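The residues making up each chain are set out below.
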Amino acid sequence: MTIMMKNNFVLGLLFFLLPAALLAQKSSVTLSGIVKDKASQEALSFAVLTIKKASDSAFVSGTITDEEGLFRIALKPGDYVLEATQIGYKPYVEALFVGSSSDYLNLGIIGMEENAVQLKEVLITGQQDAVSGKMDKKTYSVEDNLSQNGGSVLQAMQNLPGVTTQDGQVQLRGNKQVMVLIDGKQTAITGFGNQNGLDNFPASVVEKIEIINNPSAKYDANGNAGIINIILKKEEQQGFNGTVGLGIGLGALWVRRENLPGIRPQYQATPKLNPSIALNYRKKKVNFFLQADNLYTQTLNKNEFVTRTYQDGTVIQQQLKRNRNTNFFTSKAGVDWFINDNNSLTLSGLFSQEIIMDRGDQPFYNNDLSEKLRLWQFLEDEVLTAAMASAAYEHRFKEPGHKLNIGLTYTFDREDEKYFFDNFLPTYTGKESFMLIADQQVADFNLDYTRPLRHGLLETGLKFRRRTIPTDMQFVPGINSPLDPDADGKATYKETIPAVYGNYTFEIKRLEAELGLRIEYVDLTYEVDPNHNTYSSDGYNYFQPFPNARITYKLNDKNKLSAFYNRRVDRPDEVDIRIFPKYDDAEIIKVGNPALSPQFTNSLELGYKNIWDKGYFYAAAYHRISKGTITRIASTVGSSKLIYNISQNAGKSYQTGVEMIFSQDFSENFSLNLNINAYHNQIDSFSVLNQYPIPTLYHAAQQEIFSGNLKLNAIFHFAGQLDAQLSAIYLAPDIIPQGTIGSRFSLDMGIKKGIQQGKGELFFNAKDLLNTMVIRKSIEGNTFSYTSVDYYETQVLRLGYGYKF
């Protein structure tokens, strides 16, 4: 389907910057096999293997077999000729194609015949395939993202191709249903269901970020938009080594819009402090590692001005301002034990604690600000603590890449949240509060088996998860309070997921094919306090297949086409079904829904990549169809002016789009990268019944929009190890539940300077240089509408130093 952007959208997409990296490419593939006597099948020791180019017979590499006849050679993808020679045997000659779909290639048994006449050398003509990678994944180094150094992971990702950020969450191609992993695993830090914590997780501990738009069956089936895998820094060099770093920053440099009357001042000149350390000590078979990082920030977290208009003509002007202090400590420690050449064991622990103190003000006025209706002041005291312990065993068979992995992970995290409110009304002042304790426990067991084949790779395995989250919410309302005292209590979320998968990759000279299937059984129950005034216990279960397929055709050595199919699911997370009202906004109140069902998505994608000497072009056209789209629906009850934002399944939704990346090195000193993502979003008309606080029917007409984003990046390399980057991002208007979000633009820059013979590094960057990143939303309900403009903190200056030893 061809997507045509509206004229004003096309005109807006000019001169913007972003760091784009080449799609992940394999530098080498490890070949293995065994040489035997063809008749007796006895292994031949010390046979000589030689690899030559197919095009001109030039020598490339060579090796000899060990005492068991085994060999291994590392080669770049391409066309070769393999020769095996041994005294008393005729030479063995074979045309050899090395593809790029797997890191390993098992040639199996090479049988040599005795007393044979010398064969003439066989020459195969052909060219090396310069296109590598399956076009299912893109990998980016955080260290190279100069304009975002020293901030959070969320900030480090906002200028990556196809990635946008909104409301503290990351989106892929305009879709927030993203599964976020740390070192290939789901964690409490980034979320087991919905993503969280990315806006405070420090980027200084991250080595690289993988964006996987088309995951194979090896990955969990949730996250219909794809997967983001955050890979933490870790060294394995011999001896003692590591890195230390310190970053400082300053944000909210000036007031972009003055407060409504009668509230406390906005944060200004907000400080940031980020010390970090990574240590590694390896001696022979044992490797110890430790990483620790602390990110302290003050931020103007929210500064949203809202105008609410009701059918009866009532207009309410309000502001929600949050002055936030956050301290996020993360640490990871462990030991790798290389038991022998075939077996290793890693024991590791991950600990994090996020402490949030929010001092908020929310005044409510009539339309002309002549009458104050309410002032809602609050203190949020929240501590999020997470601890994860894991054991990972790997057995490597004699053939390279042939391995068995067994892992066991246990996670505990606590959400300890307290809110204290002062409810100032024209005739009196009330005191309110609520307290929440939620303890999450997750046990994961996985077994993964990988075996390289002569023309591909076989992967299979199983996973079992048990997850429980008991929650306890207590409301302490005052006089005429918006808090609902009959909606608190206890609830328990229980989730059991066994899954098995298989994935097979096949590759010959011009063609690659991949076929996978993951089968999951999910049993979810949500036990609700019987005294709750609206909801009762609920849940669901399903037994479902999740297939994936890929076929790739190599047009020539510089051009490749790939087609993908995926079926995935987004299961409602605990916060989506949590029955307790959330009063961080006094009059726009979020509530979960235990009757939510999973959202299933089928996706198709066609990708193309062309590589030339100093650049590349990548394009992908994609289409997704989702059933049971999970969203939030806002409604009112009777004459009340309170708005209840309830989790619901909204029926079918569609997304069709095109993503393009262009990269060119114009010289040794300058390179340019351009990323364009354009798409059409549509949500079919639907009707839902919001149960809280009383049943309220809501009907929505079909909603659709053409949207996208454009990112352009310029990177400069100067003498004296000095690098600079200038980035700009334009985000077009897009659909949000019951409304739209306006266009956004930011310009960022960064520089870094290598010092101390390359061991040290200084960096400076500025985010949102022009202070233009403002969030504008428009929402339409059945009996009301509202518009909002959020002038939250976006402009930040950072300075930092790092040293490697």
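Positions within a chain are numbered from 1, following the residues in the order the chain's sequence is written. The predicted nature of this model means local features are confined to residues of pLDDT at least 70 and side-chain atom pairs, given and counted, to a pLDDT of 80 or more, with totals for whole chains, interfaces and linings taken over all residues. The basis for every side-chain value is the complete set of non-hydrogen atoms in the structure, without hydrogens or water.

**Some words on the overall build of the protein chain**
For the protein chain, the helix and strand inventory stands at three helices and 44 strands. The C-alpha radius of gyration of the protein chain comes to 29 Å, within 12% of the 28 Å expected for a compact globule of 805 residues. Referenced to the eigenvectors of the C-alpha coordinate spread, the extents of the protein chain come out at roughly 105 × 60 × 55 Å. Only protein chains enter the calculation, and the probe is 1.4 Å; a residue is then buried if its accessible area is under 20% of its type maximum, exposed if over 50%, and partly exposed in between. Going through the 805 residues of the protein chain one by one, you find that 56% of them count as buried. Only DSSP runs of H or I covering at least 4 residues are called helices, and only runs of E covering at least 2 are called strands; the numbering of each starts at the N terminus. Note on method: radius of gyration uses C-alpha positions; expected globular size equals 2.2 Å times residues raised to 0.38.

**Side note on the pairing of strand S36 (residues 703-718)**
Bridge analysis of strand S33 (residues 670-683) against S36 gives 14 bridges, and the strand direction is antiparallel. Bridge pairing in S36 places Phe-670 opposite Phe-716. Note: S36 against strand S37 (residues 722-731), 10 bridges, orientation antiparallel. Paired with Lys-711 across the bridge in S37 is Ile-729. For two strands to count as paired, DSSP must find a minimum of two bridges between them.

**So, the sheet that holds strand S27 (residues 588-591)**
Read across the sheet, three strands follow the order S27-S31-S30 without closing on themselves; strand pairing throughout is mixed. Every interior strand has two partners, whereas the edge strands, S27 and strand S30 (630-635), have only one. Here the strands of the sheet are splayed against their neighbours by 30 degrees on average, with no regard to which way each runs. In terms of strand pairing, S27 meets strand S31 (residues 643-649) through four bridges, oriented parallel. Counted as the bridge partner of Lys-590 is Asn-645 from S31. Orientation is described by axes fitted as lines to C-alpha atoms, over the contacting stretch for helices, and by angles from 0 to 180 degrees between their N-to-C directions.

**So, the pairing of strand S41 (residues 760-767)**
Judged from the seven bridges that link them, strand S40 (residues 744-755) and S41 form a sheet pairing that is antiparallel. Its bridge partner lying in S41, Ile-755 is registered against Gly-760. Turn length for the S40-S41 hairpin, with the two strands adjacent in sequence and antiparallel, is four residues, and the turn residue Gln-756 shows positive phi of about 55 degrees. Across eight bridges, the pairing between S41 and strand S44 (residues 796-804) is antiparallel. Bridging across to S44, Lys-767 finds its partner in Val-796.

**A look at the packing of aromatic side chains**
Here the aromatic set is Phe, Tyr and Trp, taking the six-membered ring for Trp, and pairing holds for ring centres within 6.5 Å; pairs whose planes are under 30 degrees apart are stacked, those over 60 apart are edge-to-face, and all others are tilted. Here the structure, examined in full by the defined rule, presents 27 aromatic pairs. Considering the side-chain rings of Phe-784 and Tyr-786, the 6.4 Å spacing of their centres and the 10 degrees angle between planes classify their relative orientation as stacked. An identical accessibility class is assigned to Phe-784 and Tyr-786; each is buried. We count a charge as sitting over a ring when the NZ of a lysine or the CZ of an arginine lies within 6 Å of the ring centre and within 35 degrees of the ring normal. Stacked on the ring of Tyr-310, the Lys or Arg Lys-641 has its end atom at 5.4 Å from the ring centre.

**Some thoughts on the nonpolar core**
Among buried residues, the Ala, Val, Leu, Ile, Met, Phe, Trp, Tyr and Cys ones that are joined through side-chain atoms within 4.5 Å form a nonpolar core. Of all hydrophobic cores here, the largest spans 54 residues; its most connected members are Tyr-583 and Tyr-692. The element that contributes the greatest number of residues to this core is strand S24 (residues 511-528), accounting for four residues. Only heavy atoms enter the contact rule, under which two residues are in contact if any of them lie within 4.5 Å. Setting aside chain neighbours within four positions, we find Tyr-583 in contact with Trp-376, Phe-421, Phe-434, Phe-475, Pro-482, Leu-483, Asp-484, Ile-589 and Tyr-692. With 39 residues, the next largest nonpolar core counts Tyr-140, Val-142, Leu-198 and Ile-611 among its residues.

**Brief notes about the pattern of salt bridges**
For this analysis, a salt bridge means a side-chain nitrogen from Lys or Arg found within 4 Å of a carboxyl oxygen belonging to Asp or Glu. All told, the structure shown has 47 salt bridges when counted by the stated rule. For the salt bridge of Glu-520 with Arg-571, the shortest nitrogen-to-oxygen distance reads 3.1 Å. Of this pair, Glu-520 sits in strand S24 while Arg-571 sits in the loop between strand S26 (559-570) and helix H3 (574-577), and the two are 51 residues apart along the sequence. Neither Glu-520 nor Arg-571 differs from the other in exposure class; each is buried. The salt bridge partner of Glu-761 is Lys-752, with a shortest N-O separation of 3.7 Å. Overall, the relative accessible area of 21% leaves Glu-761 in the partly exposed class. For Lys-752, a relative accessible area of 12% translates into the label buried. Through salt bridges with shared partners, a single ionic network connects Glu-507, Glu-512, Glu-514, Arg-550, Lys-554 and Lys-560.

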